[in-house]
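Spelled out from the first residue to the last, the chains are:
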Amino acid sequence: MNMHTARAAFGFDTLKTILGIPVLAIRWDEAIALLTRLIDERRFTKVSFLNAHNANLACTDPVFAEALENFLILPDGVGVDMAAKLLYGAPFPSNLNGTDFIPAFLQASSHPLTVALLGTTRANAEAACAKLSTLAMQHNFVVIHDGFFSAAEEPAILERIARLRPDVLLVAMGVPRQELWIERHIDSRHCALPVAVGALLDFMSGSVPRAPLWLRRLRLEWLFRLWIEPGRLWRRYIVGNPLFLWRVVKQKLSLGPRPLGARGE
């Protein structure tokens with residue numbers, strides 16, 4: 001199920017198209033209810049999140065952009081909020097960044113689920129599994145494999161996922177590898193809800209610190225991450241954020257707000 005079929009099936013008619021990528025504009029509680037319903041009805045749905053960095057990558061990587069067409073996309077961060085306000089006059093109703101939203105969704109899900117973890121290092125995946133197990137004790141969390149596997153190991157990993165057939169598969173391999181891997185290898189035989197979660201398992205493991213809550217409330221977590229990992233992230237934020245906003249302004253000036261639900265150029 002992609003964005004448009006999810007919208008038709010569940011009655012959500014608000015999409016905000018950011019640089020050609022349709023993003024679902026719903027509240028936090030609505031998003032939890034939507035994912036719960038998708039799992040309950042075993043409607044296979046690939047889930048990802050759009051932030052300024054992902055949007056920039058999609059602008060220059062047509063394979064990644066094409067893959068995102070088959071995902072249900074949720075809004076992540078202040079960048080896409082600024083874009084939505086500029087293009088549509090209002091930000092997204094909620095910041096559904098995966099680092100906060102996915103643990104909250106799992107905590108809110110009362111029906112016991114099987115949740116598989118794939119990606120990051122083995123140590124971080126195991127630590128994240130233990131943390132999630134304490135946060136949402138009603139679920140069964142299983143580490144499938146770390147994210148550093150060879151092509152020769154891939155069939156066995158896919159076979160294990162298919163045997164387990166989890167309700168949720170959290171894939172933490174970084175952008176765009178995680179989305180492309182889901183798109184190429186995961187279907188309804190494997191799970192109900194594959195979710196591309198980026199650094200979630202690293203954060204949950206405690207190996208990568210999160211910004212203090214007050215800084216997150218100011219929507220400045222990106223600044224904290226830049227301070228922690230300047231060598232890896234300076235280009236993403238110092239170059240990428242202004243580039244993203246320039247592209248949004250260009251969309252605004254050349255095309256105006258896209259019709260709700262339009263895929264864009």
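In the block above lies the structure referred to throughout.
Residues numbered from 1 in each chain as written. Predicted model: local features only at pLDDT ≥ 70, side-chain atom pairs only at ≥ 80, totals over all residues. Heavy atoms only, no water.

(A) Just the layout of surface pockets, in detail. In this structure, the largest pocket occupies an estimated 1100 Å³ of space. Asn51, Asp76, Arg225, Arg236 and Tyr237 are, among the 48 residues lining the largest pocket, the residues nearest its centre. Breaking the lining of the largest pocket down by element, the ones donating at least two residues are strand 3 (46-50), helix 3 (52-60), helix 5 (78-88), helix 6 (98-108), helix 9 (177-185), helix 10 (200-205), helix 12 (221-228) and helix 13 (230-254). Broken down by element, the residue count for the lining of the largest pocket peaks at seven residues, all from helix 13. A class-by-class count of the residues in the lining of the largest pocket yields 19 nonpolar, 16 polar and 13 charged. (1 Å grid on protein atoms, 1.4 Å probe; cavity = no way out; pocket = protein on both sides within 12 Å on 5 of 7 lines; lining within 4 Å. Points joined across faces, edges and corners; volume = space filled by probe spheres on them. Helix = DSSP H or I, 4+ residues; strand = E, 2+ residues; numbered from the N terminus. Nonpolar A, V, L, I, M, F, W, Y, C, P; charged D, E, K, R; others polar.)

(B) Expanded view of unusual backbone geometry. For the peptide bond that leads from Val175 to Pro176, omega is 0°, which places it in the cis range. With respect to the helices and strands, Pro176 occurs in the loop between strand 7 (168-172) and helix 9. Positioned with a positive phi, Arg42 is a non-glycine residue whose angle comes to about 50°. We note that Arg165 has phi near 45°; this positive angle belongs to a residue other than glycine. As for its position among the elements, Arg165 is in the loop between helix 8 (154-164) and strand 7. The class of Arg165 is partly exposed, set by a relative accessible area of 41%. (Buried < 20%, exposed > 50% of the residue type's maximum accessible area, 1.4 Å probe, protein only.)

(C) Quick look at the pairing of strand 5 (residues 114-119). Among the six residues of strand 5, six are classified as buried, and the element is accordingly described as predominantly covered. Alignment of strand 5 against strand 6 (residues 140-145), held across five bridges, turns out to be parallel. Looking across to strand 6, one finds that Leu118 is bridged to His145. In this region the chain leaves strand 5, passes through helix 7 (residues 122-135) and returns to the parallel neighbour strand 6; the handedness of that crossover is right-handed. As judged from the five bridges shared by strand 5 and strand 7, these two strands associate in the parallel manner. Residue pairing in the sheet places Ala116 in a bridge with Leu169 of strand 7. (Pairing = 2+ DSSP bridges. Right-handed = clockwise from strand over helix to strand, strands pointing away.)

(D) Structural view of the pattern of salt bridges. Considering all chains together, one arrives at 14 salt bridges under this definition. With its nearest N and O atoms 3.3 Å apart, the salt bridge here joins Arg163 to Glu159. Here Glu159 and Arg163 lie together in helix 8, a separation of four residues that amounts to about one turn. Ionic contacts of the salt-bridge type, sharing partners, join the residues Asp100, Arg210, Arg216 and Glu221 into one network. (Salt bridge = Lys/Arg side-chain N within 4 Å of Asp/Glu carboxyl O.)

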